[in-house]
Amino acid sequence: MGRLQEEGSSPIHSVRFSTVSASPPTETGMTHEPTGLDLAMKLHYLKVVYIYSAETARDLTVMHVKGHLLQLFDHIPWIIGRFRRHDSGRPFIKCNDCGTRFVENRSVDESLVYNKPVGPELAYSPLIYIKMTRFKCGGLAFALSWAHIMGDPFSLSHFFNLWSRTLAGEEIYCPKPTDLQRGFPNPTTGKKPGCIKPVDPVGDLWVAPNNSKMTTYSFNVTVNYIKSHFSPNKNEFEILSGIIWKCIAKARGKPEPVAITIIRPDPNYELKQRAVRNTQMMISSVHVDFSVVDANLDEILKAMGERRDDGVLDFIVYGAKLTFVDMSEVDFYEAKVRETSPTSVYCNVQGIGDDGAVVFFPAAEKEE
């Protein structure tokens, strides 16, 4: 299977670029104002690859896929706009129907995701890249590079699920988030949240600076295996996070990572109206005053249970501290084509700070 990141690591022999926009045109003068939480995520990008079998994808053509994207963009026009800046310097999105970049890959290289950040020319930088790769076996990969400033993993999944519903001929509705829907409490105490890291200004090229060479490693863990070795009232995400935190602390040595960030679904997200936004995940910080290496797992899990929810400013979040991200409840496998779920979905986050991140996401049911 191809790597999830790092476009251009091997020659690409047959690639075609095009732009998909909305129809009819968006109302003149329409803009979208990112919240402080949106802007805190501007250096991070979500990468997701959906793999469909040859039988499921055999009738999907490029024009078919693009046609249903047009319908979807009619409902969410601001995600195909472009960034501008107010006189104050604060970014906003001009809903000018500039579209998303669509990449057709006619020969499989090592990367399934087209990787390009926002900037340095904000007025010309798409916020979404969609790459479609047809395998020799007839299977199909849809890969999305999604600027996190637009929305969290639930938003990306919701976006692609809506596309699959238009493909099935269903009527869709996606509200434009209001300030009330997207609001979050800005910190007023002047105390810096523990989950963020200030960085030097990046200007109009939104790439997270770091001093370490970052790489990705993936492995599978079955939920049943975890449940058979721990108390049934323990949370699988927290158990795995605690184990990995302890292992990383042991591998890194002194100073140990005694502070971490946890990003989890809002427990009330199912009660909220689904939309493209950054308020469906909760960001918390954990700090311990003991050695993680020497502590037993119960002590670590107790500390994680006492985590503190943070307000967020405009800084790096993922990797500012060692970060654990729970995407296990994101409904990636609801993106059905011909009433069939993807055979596999791969997910990652790009723009990670030096302390690194661990991402948990669901496998297909047959793989659990």
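Our structure is the block above this text.
Residues numbered from 1 in each chain as written. Predicted model: local features only at pLDDT ≥ 70, side-chain atom pairs only at ≥ 80, totals over all residues. Heavy atoms only, no water.

### With respect to the sheet that holds strand S4 (residues 82-85)
The strand order across the open sheet formed by 3 strands is S2-S5-S4, and the pairing between neighbours is antiparallel. Each edge of the open sheet is held by one strand with a lone partner, namely strand S2 (31-32) and S4. (Pairing = 2+ DSSP bridges. Helix = DSSP H or I, 4+ residues; strand = E, 2+ residues; numbered from the N terminus.)

### Concerning the sheet that holds strand S13 (residues 344-350)
One open sheet accounts for 6 strands, arranged S1-S6-S7-S8-S3-S13; its pairing is mixed. The sheet terminates laterally at strand S1 (15-20) and S13, the two strands that pair on one side only. On average, each strand axis in the sheet is tilted by 15° relative to the strand beside it, whichever way the strands run. Strand direction decides the pairing type here: S1 and strand S6 (residues 100-105), joined by 6 bridges, are antiparallel. Following the sheet pairing, Val20 is matched in S6 by Thr100. Across the face of the sheet, helix H3 (residues 62-75) comes into contact with S1, S6, strand S7 (128-134) and strand S8 (140-147) while running at roughly 165° to S6. Those strands touched by helix H4 (residues 153-167) are strand S3 (45-52), S7 and S8, and its axis lies near 135° from that of S8. (Axes fitted to C-alpha atoms, helices over the stretch in contact; angles between N-to-C directions. Contact = heavy atoms within 4.5 Å.)

### Some points on the layout of surface pockets
Of the voids in this model, the second largest pocket is the one considered here, and its volume is about 330 Å³. Lining the second largest pocket we find 19 residues, and of these Ser164, Arg165, Ala168, Glu170 and Lys336 sit closest to its centre. Per-element accounting of the lining of the second largest pocket gives the leading share, 6 residues, to H4. Across the lining of the second largest pocket, the residue classes break down as 5 nonpolar, 5 polar and 9 charged. (1 Å grid on protein atoms, 1.4 Å probe; cavity = no way out; pocket = protein on both sides within 12 Å on 5 of 7 lines; lining within 4 Å. Points joined across faces, edges and corners; volume = space filled by probe spheres on them. Nonpolar A, V, L, I, M, F, W, Y, C, P; charged D, E, K, R; others polar.)

### Section: the nonpolar core
Core analysis: the largest hydrophobic core is formed by 71 residues, its most contacted members being Tyr50, Ile79, Phe142 and Phe159. Elements with a minimum of two residues in this core: helix H1 (36-40), S3, H3, S7, S8, H4, strand S10 (281-287) and S13. Look past the residues within four positions of Phe159 in its chain and what remains in contact with it is Leu69, Leu72, Phe73, Ile76, Ile79, Ile128, Leu144 and Trp146. (Core = buried A, V, L, I, M, F, W, Y, C linked by side-chain atoms within 4.5 Å. Buried < 20%, exposed > 50% of the residue type's maximum accessible area, 1.4 Å probe, protein only.)

### Let's talk about empty space enclosed by the protein
Tallying each qualifying case throughout the model produces 3 cavities of 30 Å³ or more. Roughly 50 Å³ of volume is contained in the largest cavity. If you trace the largest cavity, you find it lined by Leu37, Met41, His148, Asp152, Ile263, Asn278, Met281, Ile283 and Tyr318. The computed volume of the second largest cavity comes to approximately 40 Å³. Surrounding the second largest cavity, Tyr45, Lys116, Pro117, Val118, Pro126, Leu127, Ile128, Tyr129, Ser145, Trp146 and Ala147 form its lining. Among the secondary structure elements, those contributing two or more residues to the lining of the second largest cavity are S7 and S8. The biggest single contributor to the lining of the second largest cavity is S8, with 3 residues. The residue inventory of the lining of the second largest cavity, partitioned by class, reads 9 nonpolar, 1 polar and 1 charged.

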